[in-house]
Amino acid sequence: MTTTYQSRSLRSVLALTLLASIIPLCVTPVLPLTDFYAHIARYYILANLPDSAILQQNYEAAWQLLPNLGLDVLGTGIMKVLPPLLGAKLIAGLIIAAPFTGILYLSRVLHGHLSVLTVFLAGLVAYNHILIWGFSNFLLGLGVLLGATGYWIAAQDRPVRQLTITACLGLLLFFIHGLAFALWGLLLGMVELSLALRSGYPGLSVLIRKAARLAFIAVAPAVVFLQTKTASGGDASPVSSLLTHAEQGTLWTRLSTEVHLRIDGFLRVAESTWRTFDWGFGILLWGVLIGGLIVGIWRIDWRMKLAVTLCLLLILIMPPTLFGVGHLSERIPLLLLALLAASLSLDPSAKSSTRKTALAVIAGLFLARNLLLSIGWYQDGRSYTSYLDALDRHDTRSLGAGAYVEDARDSWVFKPNCKPLSFLMIFNSTAVPTFANPTQQPLRIIGPLSHVNDMVHSIALSANHTVSSALSLLQGTEVDTIVVCSKKTPPVQAHGFEIVATTAPWALYQRAVSQ
């Protein structure tokens, strides 16, 4: 009878969590995710490049072996068969569901069953700081990482099958996201060390054998990686960057900025897009999780303790960029929260009333976050609806761009919901700058758009631009249509461009055609 009641309770909680997680996707036609539609634009371009002369003049496919191809392959296929906005929602649902599902599977392996606590914590992970950034491949990789870790643990008594299938999963994960693969390798090392230490010091031969098995998994991905342009591309090493800042006298400024970003990423790990709320929410969430461990309300599965400890260390020492991929350190708190979501369980020795209260707090945090997220996205959705109507009414011509001058000046003031606006013009067959670095993505910007792309980057890197000066800079390119996003009222006309549509905070400018 108790088992039946618990099963029904779990099903009800799972249904509630899924419903609350679907609502934000339904309240807006466009999701306010910073980089997400830059990736969607690339998938759309790759899907439609053979049939569009405008796209062929400004983009070139660059398919090759890369460690971040997962969603490019899948997304390009989706864009061939679905309308772009619907396809974007489907892809968003996939990268939201991947970590959620991975947590449930890993938890099922660790504990032998699912719990209400795990479901609510997985729901908290589903919408997160990295999702708001729009880092699609990493989120898909996180889901595979968690599932592959669960399989490695579940198949301990079948070593040959474990090694064979896990090697295949590792290669798949490498092609989804290189960082996710590297983190997974580190986590497997911690899991294997925990298993080895379970019954005392295992001896050097056992440790060497376990290390050799893990190295076998990494052989094929490592060989492929060395053949990719990513291995030789990217930024300077973290050490050389620090030395450069030291020579320029900006080391302490850079370090203080990095400390702030790591604190911000840690506290806003389960983000709602309301910054002030998110900091308070993060303090409460981490306080409940860490405080609950200290007082014994819940406990971590012993196989994951070293992995959790490693994540805490990586939050401190992970460089901000490697091989051209940025915001690395801000991704680790999400991995930490996902591991805790999968490995935490209520301690049976704690008082029943205490366990119920702690569970109610986690459930309340999940529901409050999703409510605020839905409200915020609904408000953004009204602006997106008017923008999409403007795109339907106006021919955005051949070349378009976004000029977001407040982003460079003060990222705390600039709203991330502005970022998708320029990329939506691609669905009108208007070429726009997007992520197209052949060392990272299978696309290259060419032709007239390359000059527009350079100017857009110049505007984004300078804190001194106004809307007028940004339009002036872009006037020297062949761009036809520009979307700006600003808290201030934009000028009606400036430097040969005039507003054709506007709804706060955006304005759509078009180059004036001489009569």
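Figured I'd write up the structure that's included with this text. These numbers come from a predicted model, not from an experiment.

## Here we look at the overall build of the protein
And step 1. In terms of regular secondary structure, the protein is built from 22 helices and nine strands.
And step 2. Against the compact-globule benchmark of 24 Å for 515 residues, the protein has a radius of gyration of 24 Å, which places it among compact chains.
And step 3. Overall size of the protein, expressed as C-alpha extent along the three principal axes, is 85 × 50 × 50 Å.
And step 4. When each of the 515 residues of the protein is scored for burial, the buried share is 51%.
And step 5. Taking all contacts inside the protein whose residues are at least 6 apart in sequence as the whole, residues at least 24 apart take part in 75%.

## Focus: a nonpolar patch on the surface
And step 1. Taken together, the side chains of Leu197, Tyr201, Leu204 and Ile208 make up a nonpolar region of the molecular surface, amounting to roughly 470 Å² of accessible area.
And step 2. One can find tyrosine 201 in the loop between α10 (178–197) and α11 (204–226).
And step 3. Its relative accessible area of 65% is what places tyrosine 201 among the exposed residues.

## Digging into the packing of aromatic side chains
And step 1. For the structure on display, the rule yields twelve aromatic pairs.
And step 2. Judged by centre distance (5.8 Å) and plane angle (45°), the rings of phenylalanine 120 and phenylalanine 366 are tilted. On the criterion of sequence distance, the pair formed by phenylalanine 120 in helix α6 (residues 116–126) and phenylalanine 366 in helix α18 (residues 352–393) is long-range, its members being 246 residues apart.
And step 3. Of the residues examined, phenylalanine 120 reaches a relative accessible area of 5% and is grouped as buried.
And step 4. Summarising the aromatic geometry, the rings of phenylalanine 277 and phenylalanine 281 are spaced 5.4 Å apart at their centres and angled 35° between planes, so their arrangement reads as tilted. Of this pair, phenylalanine 277 and phenylalanine 281 both sit in helix α15 (residues 275–295), four residues apart, which is roughly one turn of the helix.
And step 5. Exposure remark for phenylalanine 277: the relative accessible area of 28% places this residue in the partly exposed category.
And step 6. In this structure phenylalanine 281 comes out as buried when scored by relative accessible area, which is 5%.
And step 7. Put simply, the rings of Phe174, Phe175, Phe181, Trp184 and Phe225 pair up and form one aromatic cluster.
And step 8. Cation over ring: arginine 198 sits above tryptophan 302, and NZ or CZ is 4.1 Å from the ring centre.
And step 9. A cation over a ring is seen here: arginine 331 above phenylalanine 138, with NZ or CZ 5.2 Å from the ring centre.

## Quick word on the nonpolar core
And step 1. Within the largest apolar cluster, 156 residues are counted, with the highest numbers of intra-cluster contacts made by Tyr59, Leu289 and Leu339.
And step 2. Counting residues per element, this core draws most heavily on α18, which supplies twelve residues.
And step 3. With near-sequence residues (within four places) excluded, leucine 289 lies in contact with Leu121, Trp298, Leu337, Leu340, Leu344 and Ile362.

## Focus: the side chain of serine 422
And step 1. Checked against the element boundaries, serine 422 lands in helix α20 (residues 420–423).
And step 2. Those residues within four positions of serine 422 in sequence are excluded, and the remaining contacts are Tyr387, Ala401, Gly402, Tyr404, Val432 and Val483.

Cut-offs and rules
- Residues numbered from 1 in each chain as written.
- Predicted model: local features only at pLDDT ≥ 70, side-chain atom pairs only at ≥ 80, totals over all residues.
- Heavy atoms only, no water.
- Helix = DSSP H or I, 4+ residues; strand = E, 2+ residues; numbered from the N terminus.
- Rg over C-alpha atoms; globule rule 2.2 N^0.38 Å.
- Buried < 20%, exposed > 50% of the residue type's maximum accessible area, 1.4 Å probe, protein only.
- Contact = heavy atoms within 4.5 Å.
- Patch = residues over 30% accessible without salt bridge, like charges linked within 9 Å, V, L, I, M, F, W, Y side chains within 5 Å.
- Areas by Shrake-Rupley, 256 points an atom, 1.4 Å probe, with all protein chains shown as cover.
- Salt bridge = Lys/Arg side-chain N within 4 Å of Asp/Glu carboxyl O.
- Phe/Tyr/Trp six-rings, centres within 6.5 Å; stacked < 30°, edge-to-face > 60°.
- Lys NZ or Arg CZ within 6 Å of the ring centre and 35° of its normal.
- Core = buried A, V, L, I, M, F, W, Y, C linked by side-chain atoms within 4.5 Å.

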